[in-house]
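Residue-level listing of the chains:
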Amino acid sequence: MAVKLDIKKAYDKFEWPFIEKCLIQLGFPMYIVRPLTKCITSLSYSILVNGVEQEIFFPSRGLRQGDPLTSLIEDKVNRDLIRGVNASPSGIRVSHLLFADDRLAFIHASRSDCVEFLDILHSYQLAAGQEVNFNKSSVYFSSNVLDSLKLELQQVLGTDKCLTDSNYLGMPILLGRNRKASFEYLRDRIQSKLEGWKGRLLSASGKEIWRCTAQSSYGILIMELGKPIGLLGEDYVLKGKYFRITSFKKASLVSNPSALWRAFLDAREILLKGGRWRVGNGANIEIYNDKSVANLDNYQIQPITDFHDVHLTVASLVNSHEGVWKRELLNSMFSPSQVAAILATPLSLPLPADRFIWMGTLDGKYTVQSGYYVAKDVLMLRKNLSPIISLFLH
């Protein structure tokens, strides 16, 4: 079973200037206001990706650091007092998901698990000063839970709302077998905008631009979820279920995939069609499989013989100590025109990391509008895009 929690007080929305003004208005002297403000505003965060610390970034608001509910749930899970759900037979166990002030907890449909979960909420409320809004919280039961048990557990949790066809951030929480029908209401919303009095005054090109704008505001195009292509590859739940022994770039559809996974693979195709690599150190770019060289057809090097290593990276063609191309090696492997195009690709010391850039914009950054037109081109080539994407491209 799953329990969706709504927190009444979201301290992470507090604006720092507002806090400072409140302290001053309450009469606190500046020698107290300044150090308090500095303590609040001097924090920074860094994310670990596969155990490697990423770039530091600085928040612009909020008071709460970390989330006590996470540690409390994990403690119960580690002691087998609460059981989460497995995303797949070989995947990791998921006990909870967090977004802003909403929590989605996964527990076993038993009285003991519910009692332990209520104990977590009680400890959380005491520690964080926050309160669970049970009037807005709801619970979802799998189909194999008896109706009598459902009523009993709802009474234990103190909520009478069942999670059925709810939406979150404009997207359905639960998807049935008819995936296209699940997202039909979003297309209807956009169509109603276009058919309104403002839409009737627009030209054909104006309607197309408005369509893209509306799609962006509703979060429809799934490739918006995968802006940096690397983020999808670091999702442990998806990786454990769909590409345990390979990378996201080489992952396949597999049998009986979820709607989300199909959409991710379609988004990958769109990103790879509309983007290319900018060579840094060449470690992440495969010579024959990736687009990286300007002045070549499709930015891609074609092998001149049938005997070549398809997984060879561009790094093998670069002298990392001097930051230049290995000219003799290039002449032995590629045609003169290819060599000329490769040598025209600039290198610099120290060699930076490779970057995946978007070709649809001048600054190389992805936008929903430019991605929409690339997706339309992909749809023209094949008619079996995932329902989540194809529903809004016709």
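Quick caveat: nothing in here was measured; it's all calculated off a predicted structure.

Here we take up the overall build of the chain. Along its length, the chain carries 16 helices and 14 strands. Per-residue burial over the chain gives 38% buried out of 394 residues.

Moving on to the packing of helix H1 (residues 16-25) against helix H2 (residues 30-41). In the contact formed by H1 and H2, the axes pass within 10 Å of each other and the chain directions differ by 160 degrees. The angle between H1 and H2 falls in the class roughly antiparallel. H1 and H2 meet at a crossing whose hand is right-handed. Of the residues in H2, those touching H1 at Trp16, Ile19, Glu20, Leu23 and Ile24 are Met30, Val33, Leu36, Thr37, Ile40 and Thr41. Within the contact of H1 with H2, the residues separate by chemical class into 8 nonpolar, 2 polar and 1 charged.

For the rest of this paragraph, the subject is the nonpolar core. Core analysis: the largest hydrophobic core is formed by 22 residues, its most contacted members being Met1, Val3 and Phe117. Of all the secondary structure elements, the ones that give two or more residues to this core are strand E1 (2-6), helix H3 (68-78), helix H4 (111-128) and helix H5 (147-157). Ranked by residue count, the leading element in this core is H4, at 5 residues. Non-local contacts of Met1, meaning those with residues more than four positions away in its chain, are made with Ala105, Phe106, Ile107, His108, Ala109, Cys114, Val139, Tyr140, Phe141, Leu153 and Leu157. Among the nonpolar cores identified, the runner-up in size contains 18 residues, and Ile285, Met333, Phe334 and Ile342 belong to it.

Quantified by volume, the second largest pocket comes out at close to 210 Å³. Residue assignment for the lining of the second largest pocket shows that the elements contributing at least two residues are helix H12 (259-274) and strand E11 (275-278). The dominant element in the lining of the second largest pocket, judged by the number of residues it contributes, is E11, at 3 residues.

With respect to the helices, strands and loops of the structure, Pro346 is situated in the loop between helix H14 (336-343) and strand E14 (355-358). When the C-alpha positions of Pro346 and Val279 are compared, they lie 8.1 Å apart, and in sequence the two are 67 residues distant.

Once that is clear, we can look at empty space enclosed by the protein. The tally for this structure, following the rule as stated, stands at 2 cavities of 30 Å³ or more. Looking at the largest cavity, its volume works out to about 40 Å³. At the level of secondary structure, the elements contributing two or more residues to the lining of the largest cavity comprise E1 and H4. Ranked by residue count, the leading element in the lining of the largest cavity is H4, at 3 residues. By residue class, the composition of the lining of the largest cavity is 7 nonpolar, 3 polar and no charged. One number sums up the size of the second largest cavity: a volume of about 30 Å³. Along the walls of the second largest cavity sit Val279, Ser292, Val293, Ile301, Val314, Leu317, Trp325 and Ile342, which together make up its complete lining. Taken together, the residues of the lining of the second largest cavity break down into 7 nonpolar, 1 polar and no charged.

Attention shifts here to unusual backbone geometry. Residue Leu349 is joined to Pro350 through a cis peptide bond whose omega torsion reads -5 degrees. Summarising the element assignment, Pro350 is placed in the loop between H14 and E14. Even without a glycine there, the phi angle at Asp80 is positive, about 60 degrees. Its place among the elements puts Asp80 in the loop between H3 and strand E4 (85-86). We classify Asp80 as exposed; its relative accessible area is 60%. With a phi angle near 60 degrees, Tyr299 is a residue other than glycine that sits in the positive phi range.

Considering all chains together, one arrives at 9 aromatic pairs under this definition. Arranged with centres 4.9 Å apart and planes meeting at 80 degrees, the rings of Trp358 and Tyr366 form a pair that is edge-to-face. Of the residues examined, Trp358 reaches a relative accessible area of 4% and is grouped as buried. Relative to Tyr373, the ring of Tyr372 lies with its centre 5.5 Å away and its plane at 80 degrees, an arrangement referred to as edge-to-face. Judged by relative accessible area, Tyr372 falls into the buried class, the value being 1%. By relative accessible area, which is 36% here, Tyr373 ends up partly exposed.

Turning next to H5. Each turn of an α-helix holds 3.6 residues, which means side chains three or four residues apart point in the same direction. By the burial criterion, the buried members of H5 are Leu153, Gln154, Val156 and Leu157. Taken down its axis, H5 places every buried residue within 155 degrees of arc, on the same side. Facing away from the buried side of H5 by over 90 degrees, the exposed positions are Asp147, Ser148, Leu151 and Gln155. A positive backbone phi angle near 80 degrees is found at Gly158, which sits one or two residues after H5.

What counts and what doesn't
Residues numbered from 1 in each chain as written. Predicted model: local features only at pLDDT ≥ 70, side-chain atom pairs only at ≥ 80, totals over all residues. Heavy atoms only, no water. Helix = DSSP H or I, 4+ residues; strand = E, 2+ residues; numbered from the N terminus. Buried < 20%, exposed > 50% of the residue type's maximum accessible area, 1.4 Å probe, protein only. Axes fitted to C-alpha atoms, helices over the stretch in contact; angles between N-to-C directions. Parallel < 35°, antiparallel > 145°, perpendicular 65-115°, else oblique. Left-handed = near helix turned anticlockwise from the far one by under 90°. Contact = heavy atoms within 4.5 Å. Nonpolar A, V, L, I, M, F, W, Y, C, P; charged D, E, K, R; others polar. Core = buried A, V, L, I, M, F, W, Y, C linked by side-chain atoms within 4.5 Å. 1 Å grid on protein atoms, 1.4 Å probe; cavity = no way out; pocket = protein on both sides within 12 Å on 5 of 7 lines; lining within 4 Å. Points joined across faces, edges and corners; volume = space filled by probe spheres on them. Phe/Tyr/Trp six-rings, centres within 6.5 Å; stacked < 30°, edge-to-face > 60°. Arc of directions from axis to C-beta.

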